[in-house]
Structures are given as C-alpha cells and as structure tokens.
Amino acid sequence: MSEVVPTGKAGLPAANAATASGTIAAQSEPDMKGWLLKWTNYLKGYQKRWFVLSKGVLSYYRAEHGAGANAGGRSAGGKLSIRRRRKGPRAENQAEMTHTCRGTISLHGALIHTVDSCTFVISNGGTQTFHIKAANEVERQSWVTALELAKAKAIRAMESDEEEEDTAANTIPSEELNLVVRELTVRLENLKTCYDLITKHGAALQRALSELESGEDLANKTKIVSERATLFRISSNAMINACSDYLQTAQTQGHKWSKMLQHERDQKLHLEEMVEQLARQHSHLEQAAHRHRPNAAASASDDEDNEFYDAQEEGGSVASQEDSSFILKIPVAHHRRNSNDATGSSSEGEEGNSETQQVLVVTDNLDNMDMTDRISVNSSQALTPTLSNNNQSTKVARRRRTRVPDKPNYPLNLWSIIKNCIGKDLSKIPMPVNFNEPLSMLQRLTEDFEYSEILDKAAQCKDTCEQLAYVTAFTVSSYSTTSNRTGKPFNPLLGETYECDRTDDLGWRCINEQVSHHPPMAAQYCESRGWRCWQEFTMTSKFRGKYIQIVPLGYAHVEFPATGNKFTWRKVTTTVHNIIVGKLWVDNHGDMEIYGEKSAKGVKCHLKYLPYSYFTRDTQRRVKGVVMDNSNQVKWVINGTWDSKIEIAPVTSTSGSAENPVYKTGNYKTAWSRRLPPTDCDKYYNFTLLACQLNEPEPNVAPTDSRLRPDQRLMEDGKWNESNGEKLRLEEKQRARRREREAEAEKAAAEGRPYPPYEPIWFSKQQDEGTDSLVHVFKGTYWDAKAKQEWSKCPDIF
C-alpha cells in the first residue's frame with residue numbers, strides 16, 4: 001500500500017499545493033513529482049518512493065541508501081512536494097539522480113479507480129498496480145484529474161501516430177511520387193514565370209535609369225522610374241515567395257519520403273528475419289524426418305525454432321495407458337493472492353519462490369477403468385438441460401437455430417493487411433471483417449459455459465478436492481473450440497452488452513458488459529441453481545510477424561453456495577501460429593493455478609498445458625495436473641488434452657521421499673469429453689451448436705446488446721463490404737464520444753471542478769474480497785430492467 005502525504009512548498013499550505021497540481025492538470029502536459037511512502041510486505045514497514053508523472057507515463061523509483069537524506073529539505077517521514085517540471089527532465093538535486101526505476105505504467109492503457117475520498121488505484125490491467133492514498137479529498141482529486149488528462153493526451157498521441165504510420169504505410173509509392181512531382185512541377189513553373197518577370201522589369205528599370213541621365217523632362221522620367229522600380233520589387237517578392245513555397249514543399253515531402261524509406265527498411269529487416277526462421281525450421285524438419293524417433297529431450301526446450309509447425313489433424317489420442325503415468329513439477333510455495341502479487345504489483349521482491357517439487361504419478365489397475373461417471377459424450381448431440389426445474393416442467397423449450405449462413409468466399413491476403421502492424425497491440429490492428437467471425441468478444445466469452453454440466457456435477461460433490469477436480473475440467477473445456485477456430489471476434493464497443501438466458505434448457509443465464517475501452521476489458525456474471533461464476537477479462541497481446549500471442553490478465557471465479565467453496569484462476573496463454581505461410585492453427589500453453597478461497601481456503605490445483613512440439617514423445621495438446629489439499633498432499637490427478645477430454649483419478653497411496661514423492665491413483669473417470677461439431681461446420685466458421693445460437697435474434701434485449709450490432713449482423717448475412725463500412729462508422733462514432741468526454745474533462749479541470757470518469761451500467765467497481773484490488777462486480781439490476789424494459793440508462797452506441 002502506498003500513501004501520498006502532501007505538504008506545501010516554499011511555505012505554502014498543502015491545499016495550495018494541491019490546487020497547483022490541479023492547475024497543472026489543465027495544461028497540455030501534466031507533470032508531477034513527489035516522495036511517497038510505499039508499504040512492502042517483505043521489509044515489514046514503509047520505505048520512501050519517488051513517483052513521477054511525465055509524458056503519459058507514471059513511474060516510481062527506489063532511492064538508494066542515503067540518497068534521500070537531504071532531498072531538498074524533505075524529511076524521512078514521507079512528505080511530498082508537488083511541482084511542475086519546466087524545461088525537460090532536470091534533476092532537482094543529486095539524490096534524484098540515484099533513484100532506481102522499479103515500475104512504470106503507461107497511462108494510455110491504464111485503469112484509474114477511486115476507492116474512497118482519499119485513496120485511488122492506477123493499474124495497467126494486471127501486470128502493474130499502484131495503490132496511492134492522499135491526505136485529503138482535494139489532493140486525491142487533483143492527482144486523479146491530472147492522471148485522467150494525461151491518459152487522454154496519451155491516447156490521442158498514440159492514435160495520431162498510428163494514423164500517420166498507417167497513411168505512410170498504405171500509400172502506393174508510385175501515386176505518391178506522381179503527386180509530389182506534379183506539385184513541384186507547378187511550383188517550378190511559377191519560379192520560371194517570376195524569373196521572366198524579374199528579367200523583363202529589371203531591363204525596363206535599367207532603360208528608365210539610363211533615360212533619366214539625359215536630364216530632359218525629369219519629373220515625367222522620375223515617375224516612370226518609380227513605376228518600374230515598383231514592378232521590379234513586386235516581381236522580386238513574388239520570386240522570393242515562390243522559392244519559399246518550393247523549398248517548403250521539398251522539405252516536407254523529403255521528410256515524409258525519409259520516414260517511408262525507414263519504414264520499408266524496417267519491414268525488410270523483419271521479412272528477412274522471418275525468411276531465415278522459416279529456412280531454419282525447414283532444415284530441422286528435414287533432419288527430424290530422417291530420425292527413427294523424435295528427440296524427446298528437445299520437448300523441454302523453449303527455443304523459438306521449435307514453435308511454428310503445422311498442427312496435427314483433429315482426433316489425436318489422449319490419456320493412453322502410457323500417458324496415464326507422468327512426472328510433474330509443481331511450485332513449492334503456496335500461492336497467495338493479495339494486493340501485490342495478484343496484480344503483479346511494482347513492489348520489489350514480490351516474485352515469489354521459484355523452487356519446484358517433482359512428483360511422479362503412477363496409475364494402477366488400468367484394465368478396469370471406470371467410465372461410468374462421464375458427464376458428456378463424444379458426439380454431436382444437441383444441447384440438453386442438465387438440471388430439472390419443477391416450476392418450469394410444463395414450459396416448452398424454445399426451438400433455436402442449429403447453424404448460421406455459410407461463410408462467403410472473399411479471398412484476402414492476411415500478410416498484406418498486418419505486415420505493417422508488427423509490434424502493435426492485437427486490439428489496435430485495423431483488420432477488416434474478412435478475418436473476423438460474426439460474434440463479438442462478449443459472445444465468445446459466453447462459450448466458456450458450453451459444458452456447464454461439469455459445474456452442475458461439481459456442485460453435487462461433497463469432497464472439496466473432488467469438486468476442484470471437476471472445476472479444473474471445466475476450465476480446460478473452455479479451450480476446446482480454439483483447436484479449429486481461428487476467426488477473430490469483433491472488439492466490443494464501450495458500453496456494449498450481451499445477455500444469454502438459457503435457464504429454460506441449460507439452467508444458467510449470464511450478462512456481459514464492455515466496461516473499459518483503454519485497456520479493453522469485459523466483465524461477466526453467470527448464475528445457475530447450484531453455482532455462480534464471474535470474471536473480469538482483459539489481456540495483453542502483441543503481433544510479432546511470426547505469431548500472435550494473447551496473454552489473459554483478469555481472474556475468473558466460481559462459487560458454490562451449498563458448500564461455501566470458491567475457486568479462482570487465470571487463463572493460460574494462447575498463440576496463433578503460421579501467420580506468414582501455412583494454415584493458421586492455435587495452441588494453448590502455460591501453467592494455471594486454481595486455488596480455493598472461503599471454505600476451500602488452502603486447497604489448490606496446479607495444471608500444466610504443454611506447448612505443441614514435433615520433438616516430443618508426449619501427447620500433443622496435453623494437460624496434466626494435481627489437486628492438493630490444505631496440507632499440500634496430492635488427492636486427485638488431472639490428465640488429458642484440452643481439445644478432446646479430461647480424466648480425473650483419486651490418489652490411493654503415497655510412497656517415495658518427501659522431496660520426490662510417488663503417487664498411485666485409482667481408476668480414471670472422464671470428467672469432460674468434447675462434443676464434436678457437425679461435419680460441415682467448416683462452411684460456417686467452425687461454429688459449435690452453442691456458437692450458432694449466440695447471435696440468434698432475441699426479443700426484448702438491451703439496445704446495447706451485441707445481437708443488434710449492424711456490422712456483425714451484416715457479416716453473418718454475408719454482406720462483408722457493407723459490414724466493413726458499418727464497422728468504420730461505429731469505430732468513428734466511439735472515438736467521437738471519447739473526444740467529447742475528454743473535452744468535458746479538460747473543461748472541468750480548467751474550472752477547478754471534478755469530472756466523473758466513465759461508469760459501466762450493470763457493473764460497479766468494488767474492492768475485491770481479501771485484496772486491495774478493485775474489480776467490476778455485477779449490480780444485479782439487469783434482469784429486473786429487462787422485465788420492465790427500462791433501458792433509459794443505456795447509451796446510444798450503434
């Protein structure tokens with residue numbers, strides 16, 4: 001926890017210093033500096049920290065020992081002086097130069113939360129979080145206002161740079177060259193005309209001066225000389241102006257050409273690197289083809305040379321007899337999610353214990369595997385209800401559609417679109433709808449509950465560890481559709497919502513809302529009769545030319561009211577391969593830790609998603625893990641693949657040493673098995689049955705519902721050109737709304753009054769239970785508003 005303790009400067013009271021900072025916020029570049037008290041769990045107390053807000057970046061520094069002893073009259077008690085940086089990054093004193101940067105937050109993608117009258121939180125969505133407490137509400141509002149305006153300025157600068165880059169990158173060189181040549185030719189003709197006029201009027205002036213020397217009729221001749229001199233002066237000025245215009249045009253275009261040339265050079269370097277990578281991979285594949293067996297040791301390598309190969313066909317084997325026994329390395333330290341380590345706080349020393357323990361899992365009696373507990377079958381059967389409801393037993397379930405219109409054939413080169421976007425965030429790549437699927441990200445998140453019957457089964461479990469084993473199977477099932485779904489969902493607009501009420505057939509209903517635009521963040525709440533699940537989804541993503549990598553940052557939670565058990569997890573990394581050549585395919589990899597809270601506190605599951613690799617004997621898309629009780633003893637084993645099925649087995653006995661234990665399990669039972677999609681689903685975006693029903697028109701939904709998006713509906717109907725036009729219109733409308741809010745915020749800052757930031761409609765920011773972090777919590781008012789058809793709070797976004 002960081003606390004800001006403001007004091008006046010040069011004898012001014014604290015309130016005046018705060019007012020000064022508020023005035024700074026109204027300027028074009030709000031900059032702030034000051035000493036803070038930073039609470040660290042490891043040092044058991046406060047340490048001084050130096051915070052700097054400059055150029056859209058908030059940074060904090062750790063002072064070296066003795067560095068702040070005489071820091072401009074500041075005491076070690078953590079007093080803060082706020083001042084405006086005047087002419088560049090000038091150090092206030094020598095101590096300021098000894099600070100070591102410990103964390104930064106770029107404000108263009110930051111979340112700024114107001115906790116109470118004195119406390120506010122700045123976070124970039126998951127990896128960095130600063131908790132700051134001011135001495136009073138005026139100080140807090142001054143900082144928040146300055147941060148909000150700095151964020152708005154950073155967003156404008158970023159979008160301006162991207163538009164300039166896109167314009168330079170997308171301009172055809174020949175057309176640009178012809179345009180500039182024509183403009184310079186016109187200006188050169190003007191110069192020639194001015195030259196002829198100067199020559200003509202100069203000669204006339206010279207003749208008039210010669211005639212003046214004769215001494216006859218001086219008055220008339222003086223008048224003629226004056227007229228000739230005036231014409232000469234006018235022509236000279238025109239010549240000077242024409243030269244200036246020509247020079248300015250040449251300099252402007254020269255700068256632009258230089259920038260375009262540098263851009264093309266950078267792209268050439270990237271392409272050369274990619275070609276080199278592809279050549280290396282081809283060589284490795286040829287070497288592997290001559291081997292009798294793959295090199296198993298290479299499977300543990302993280303070398304990028306092994307990353308980009310075509311995936312195997314669907315239907316690979318899972319959990320075979322030889323795969324049922326495995327070795328797993330699990331972290332020794334118990335996971336603690338507090339205000340620092342849960343959000344990747346900037347406090348130093350919070351990286352945790354990196355030591356691991358290696359466990360061996362051995363399965364007995366595999367010939368008599370228990371398959372009676374399957375809760376889903378490997379078939380394309382229709383979705384059916386999993387829980388009965390006596391009150392709705394006579395209600396006829398609605399007949400829903402089973403497919404969407406076929407995907408039209410609009411060939412477009414992916415590389416020609418995204419080659420100029422290397423290094424940018426995935427959500428900011430201006431892709432046409434040709435690479436989308438007719439679903440928004442809010443609808444895609446709802447697909448997590450396609451196998452909600454797993455949670456229904458978990459709700460019936462009496463044993464906490466067994467319940468967690470089923471929850472683990474549920475978390476894996478959400479990745480089943482990614483194996484053959486490479487379409488990009490639509491980015492939701494700020495304020496966009498999506499509801500999915502399936503209580504009549506599936507027993508659950510959920511509501512999603514896009515609660516932030518910078519960074520993109522969605523909040524979701526789903527409830528059933530035996531459980532409730534919610535999550536805050538945000539991510540960081542980068543396109544590097546060879547692949548697109550998506551790293552989720554938000555947490556998901558599920559709670560079972562009957563037992564009071566609550567479980568929390570964060571999703572693993574998803575990578576889309578073969579961006580340049582070959583067929584696109586998706587891999588999920590990384591470590592996932594699911595840990596219990598409330599009544600299940602201390603229980604946890606460590607799950608490992610193995611990365612895809614040719615150079616391994618292991619099953620591809622393999623997932624393996626263990627469930628441990630509050631004494632770190634393994635009770636259940638998880639085994640399977642994320643694209644087919646997950647099996648669980650209880651541990652029957654333990655042997656071996658404490659450092660390297662060996663766990664023997666009983667028979668496996670299938671906790672989840674994927675329902676295969678229809679055989680012709682490749683004609684309509686590889687949608688599952690649930691995915692086909694998500695965008696089906698629904699009456700009485702909110703006016704902000706994703707089903708009402710015109711661009712998305714046009715794409716589903718096969719009108720892609722019209723959809724691209726609507727997509728551009730909606731994005732520009734969203735930018736216009738944001739500019740209006742920024743202008744109102746700047747006006748409020750100039751008038752010295754607070755301006756409330758954007759607030760979601762159906763979710764509110766509250767402190768997360770057990771932590772200092774702020775999360776979006778469902779208000780519970782959506783379904784009542786739907787029953788009354790009261791949508792007055794909904795913004796006009798479409």
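Residues numbered from 1 in each chain as written. Predicted model: local features only at pLDDT ≥ 70, side-chain atom pairs only at ≥ 80, totals over all residues. Heavy atoms only, no water.

- Under an unreviewed UniProt entry, the protein has the name Oxysterol-binding protein and belongs to Aedes albopictus.
- Reading the Sequence similarities (unreviewed entry) entry of the UniProt record for the protein gives the comment "Belongs to the OSBP family." (UniProt positions renumbered as here; feature names shortened; annotations may be inferred.)

1. Thoughts on the overall build of the protein
- For the protein, the helix and strand inventory stands at twelve helices and 31 strands.
- Evaluated residue by residue, the protein yields a buried proportion of 49% over its 798 residues.
- The long-range fraction of contacts in the protein, counting pairs at least 24 apart against all pairs at least 6 apart in sequence, stands at 66%.
- Only carbon and sulfur atoms are counted for the fraction: they give 51% of the accessible area of the protein, which is about 37800 Å². (Helix = DSSP H or I, 4+ residues; strand = E, 2+ residues; numbered from the N terminus. Buried < 20%, exposed > 50% of the residue type's maximum accessible area, 1.4 Å probe, protein only. Contact = heavy atoms within 4.5 Å. Areas by Shrake-Rupley, 256 points an atom, 1.4 Å probe, with all protein chains shown as cover.)

2. Some points on the sheet that holds strand β9 (residues 119-123)
- Pairing is antiparallel in the open sheet, where three strands are placed in the order β8-β9-β10. Of all the strands in the sheet, the pair left with one neighbour each is β8 (111-114) and β10 (129-133). The average undirected angle you get between the axes of adjacent strands in this sheet is 15°.
- Taken together, the five bridges between β9 and β10 define a ladder with antiparallel strand orientation. Each residue of the ladder has a partner; that of V121, found in β10, is H131. (Pairing = 2+ DSSP bridges. Axes fitted to C-alpha atoms, helices over the stretch in contact; angles between N-to-C directions.)

3. Comments concerning the nonpolar core
- If you look at the biggest cluster of nonpolar residues, it comprises 63 residues, and the most contacted ones within it are V471, W531, V558, W569, Y609 and V627.
- Ranked by residue count, the leading element in this core is helix α8 (residues 464-477), at eight residues. (Core = buried A, V, L, I, M, F, W, Y, C linked by side-chain atoms within 4.5 Å.)

4. Some points on the pattern of salt bridges
- Within this structure, the stated rule accounts for 34 salt bridges.
- With a closest N to O distance of 3.1 Å, E647 and K645 form a salt bridge. Like E647, the residue K645 is buried in the burial classification.
- Here the residues in one salt-bridge network are R398, R400, E696 and E698, joined through shared partners. (Salt bridge = Lys/Arg side-chain N within 4 Å of Asp/Glu carboxyl O.)

5. Here's the deal with unusual backbone geometry
- Note the cis peptide between H518 and P519, where omega equals 0°.
- One can find P519 in the loop between β16 (508-516) and β17 (521-528).
- You will see that N686, though not glycine, has its phi angle at about 60°, which is positive.
- The topology assignment puts N686 in the loop between β29 (669-673) and α9 (689-694).
- Residue Q789 is not a glycine yet carries a positive backbone phi of 55°.
- With respect to the helices and strands, Q789 occurs in the segment after α12 (782-788).
- Taking relative accessible area as the criterion, Q789 reaches 35% and is therefore assigned partly exposed.

6. Notes on the packing of aromatic side chains
- Scanning the entire structure with this criterion turns up 14 aromatic pairs.
- Taking 5.9 Å as the distance between ring centres and 35° as the angle between the ring planes, the aromatic pair formed by F449 and F474 counts as tilted. Of this pair, F449 sits in the loop between α6 (441-446) and α7 (453-459) while F474 sits in helix α8, and the two are 25 residues apart along the sequence.
- Seen in terms of ring centroids, F449 and W531 are 6.0 Å apart; in terms of plane orientation they differ by 10°. Their pairing is stacked. (Phe/Tyr/Trp six-rings, centres within 6.5 Å; stacked < 30°, edge-to-face > 60°.)

7. Here's the deal with the state of the cysteines
- This structure, assessed with the given rule, holds zero disulfides.
- Cysteine C533 remains unbridged, with the sulfur of C526 as its closest cysteine sulfur at 6.6 Å.
- We classify C533 as buried; its relative accessible area is 4%. (Disulfide = S-S within 2.5 Å.)

8. Things to note about helix α11 (residues 720-750)
- Taking 1.5 Å as the rise per residue, α11 with 31 residues should run 45 Å; its terminal C-alpha atoms sit 45 Å apart, in good agreement.
- Buried within α11 are the following residues: W720, S723, N724, K727, L730, Q734, R737, R738, E742, A745, A748 and A749.
- With its phi angle positive at about 75°, G752 sits one or two positions after the end of α11. (Expected span 1.5 Å × (residues − 1).)

9. Structural notes on α8
- With 14 residues, α8 extends 20 Å between its outermost C-alpha atoms, agreeing within 8% with the 20 Å of an ideal straight helix rising 1.5 Å per residue.
- Of all the 14 residues making up α8, 13 are buried; the element is thus mostly covered by neighbouring parts of the structure.
- Among the residues of α8, the N-terminal cap falls to D463, whose side-chain oxygen and the backbone nitrogen of C465 are separated by 3.2 Å. (Polar contact = N/O pair within 3.5 Å; in protein donor to acceptor, adjacent residues only side chain to side chain.)

10. A look at the confidence of the model for the protein
- Confidence in the prediction of the protein, expressed as mean pLDDT, is 75, and 70% of residues score 70 or more.
- The model gives residues 65-98 a pLDDT under 50, and that stretch makes 68 contacts with residues more than four places away or in other chains. (pLDDT = per-residue confidence, 0-100.)

11. Things to note about the pairing of strand β18 (residues 532-543)
- Taken together, the seven bridges between β17 and β18 define a ladder with antiparallel strand orientation. Looking across to β18, one finds that C526 is bridged to C533.
- With antiparallel pairing between neighbouring strands as the criterion, β17 and β18 make up a hairpin whose turn holds three residues.
- Sheet analysis places β18 next to strand β20 (residues 556-560), joined by four bridges and oriented antiparallel. When the sheet's bridge partners are listed, Q535 is paired in β20 with A556.
- Bridge count between β18 and strand β19 (residues 548-552): five bridges; the pairing is antiparallel. By the bridge assignment, T540 is partnered in β19 with V551.

12. Some thoughts on the environment of Y614
- Inspection of the secondary structure assignment puts Y614 in the loop between β24 (604-609) and β25 (622-628).
- On the basis of relative accessible area, Y614 is assigned to the partly exposed category, the value being 37%.
- With 329 residues separating them along the chain, Y614 and L285 place their C-alpha atoms 8.8 Å apart.

13. Considering the environment of I638
- Here I638 is to be found in strand β26 (residues 634-641).
- Through-space distance from the C-alpha of I638 to that of C605 is 9.1 Å; in sequence the pair is 33 residues apart.
- Beyond its immediate chain neighbours, meaning those up to four positions away, I638 contacts F326, A469, T472, C605, L607, V623, K624, G625, V627, I646, E647 and I648.

14. Quick word on the pairing of β9
- Among the five residues of β9, five are classified as buried, and the element is accordingly described as predominantly covered.
- The two faces of β9 match: T119, V121 and S123 on one face and F120 and I122 on the other face are all buried.
- Here β8 pairs with β9 via four bridges, running antiparallel. Residue T114 lies in a different strand from β9, and its bridge partner there is F120.

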